[in-house]
Amino acid sequence: QVQLVESGGGLVQAGGSLRLSCTASRSIIGASVRGWYRQAPGKQRELVASITTGGATNYADSVKGRFTISRDSAANTVYLQMNSLKPEDTAVYYCKTSTTMNNIYWGRGTQVTVSS
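Residues numbered from 1 in each chain as written. Predicted model: local features only at pLDDT ≥ 70, side-chain atom pairs only at ≥ 80, totals over all residues. Heavy atoms only, no water.

*Asks:* Got a minute to help me understand the overall build of the chain in this structure?
*Replies:* Regarding its fold elements, the chain presents zero helices and 11 strands. Each helix (α) and strand (β) of the chain, taken in turn from the N terminus, gives the series β-β-β-β-β-β-β-β-β-β-β. Computed over its C-alpha atoms, the radius of gyration of the chain comes to 13 Å, within 12% of the 13 Å expected for a compact globule of 116 residues. Along the longest, intermediate and shortest principal axes, the C-alpha atoms of the chain span 40 × 25 × 25 Å. Counting every position in the chain, which comprises 116 residues, the buried fraction comes to 41%. In the chain, the proportion of contacts linking residues at least 24 apart, taken out of those at least 6 apart, comes to 52%. Surface summary for the chain: the accessible area is close to 6300 Å², and the carbon and sulfur share equals 47%. (Helix = DSSP H or I, 4+ residues; strand = E, 2+ residues; numbered from the N terminus. Rg over C-alpha atoms; globule rule 2.2 N^0.38 Å. Buried < 20%, exposed > 50% of the residue type's maximum accessible area, 1.4 Å probe, protein only. Contact = heavy atoms within 4.5 Å. Areas by Shrake-Rupley, 256 points an atom, 1.4 Å probe, with all protein chains shown as cover.)

*Asks:* Could you clarify how one ought to interpret the environment of Thr68 in this entry?
*Replies:* Considering the arrangement of structural elements, one finds Thr68 in strand β7 (residues 67-72). Separated by 10 residues in the primary sequence, Thr68 and Asn58 have C-alpha atoms spaced 9.6 Å apart.

*Asks:* How should the state of the cysteines be read in this particular structure?
*Replies:* The bond known as a disulfide is covalent and runs between the sulfur atoms of two cysteines. Applying the stated criterion to the full structure yields one disulfide. In this model, Cys22 is linked to Cys95 through a disulfide, with the two sulfur atoms separated by 1.9 Å. An S-S torsion of about 50° defines the bridge between Cys22 and Cys95 as right-handed. Pair noted here: Cys22 is in strand β3 (residues 18-24) and Cys95 is in strand β9 (residues 91-99), with a separation of 73 residues, a long-range link. Across the pair, exposure class does not vary: Cys22 and Cys95 are buried alike. (Disulfide = S-S within 2.5 Å.)

*Asks:* Just checking my understanding: could you explain the packing of aromatic side chains for this structure?
*Replies:* Tallied over the full model, the rule gives two aromatic pairs. Ring centres 5.0 Å apart and planes at 65° place the aromatic pair Tyr37 and Trp106 in the edge-to-face group. Here Trp106 lies in strand β10 (residues 104-106) and Tyr37 lies in strand β4 (residues 31-39), a separation of 69 residues in the sequence. Relative accessible area serves as the criterion here: at 18%, Tyr37 is assigned to the buried category. Consider the rings of Tyr94 and Trp106, whose centres lie 6.5 Å apart with planes at 85°: the pair is edge-to-face. Placement of Tyr94 in strand β9 and of Trp106 in strand β10 is noted, with a sequence separation of 12 residues between them. On the basis of relative accessibility, which here comes to 35%, the residue Trp106 falls in the partly exposed class. By the ring-pair criterion, three or more aromatic residues cluster together here, those being Tyr37, Tyr94 and Trp106. The ring of Tyr79 has Arg19 sitting right over it, with the charged end atom 4.0 Å from the ring centre. (Phe/Tyr/Trp six-rings, centres within 6.5 Å; stacked < 30°, edge-to-face > 60°. Lys NZ or Arg CZ within 6 Å of the ring centre and 35° of its normal.)

As structure tokens, then:
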């Protein structure tokens, strides 16, 4: 069973930066899309950013120009660089991997708190 482990969350002031990492316990066969989602209290989980095996990226409008998703395939790791953080970015951030065989893996999440 593949495990995804997120790290890098924490408390930061508005305008600050954090870098999240998500490492898979092993290489995921057929991995097609890796992404970051977030869920704030009382809200639905939403897509923040995703990246395909081909390197195509997609971002939520609310984070465009501030967040950057990247990956290190050799290390089975995907990153989310978050700059110019805002209080509304406060949420639990989850990573997700989807495969060509329609398998979906989720991490347990890492808390990001942005103070004003």
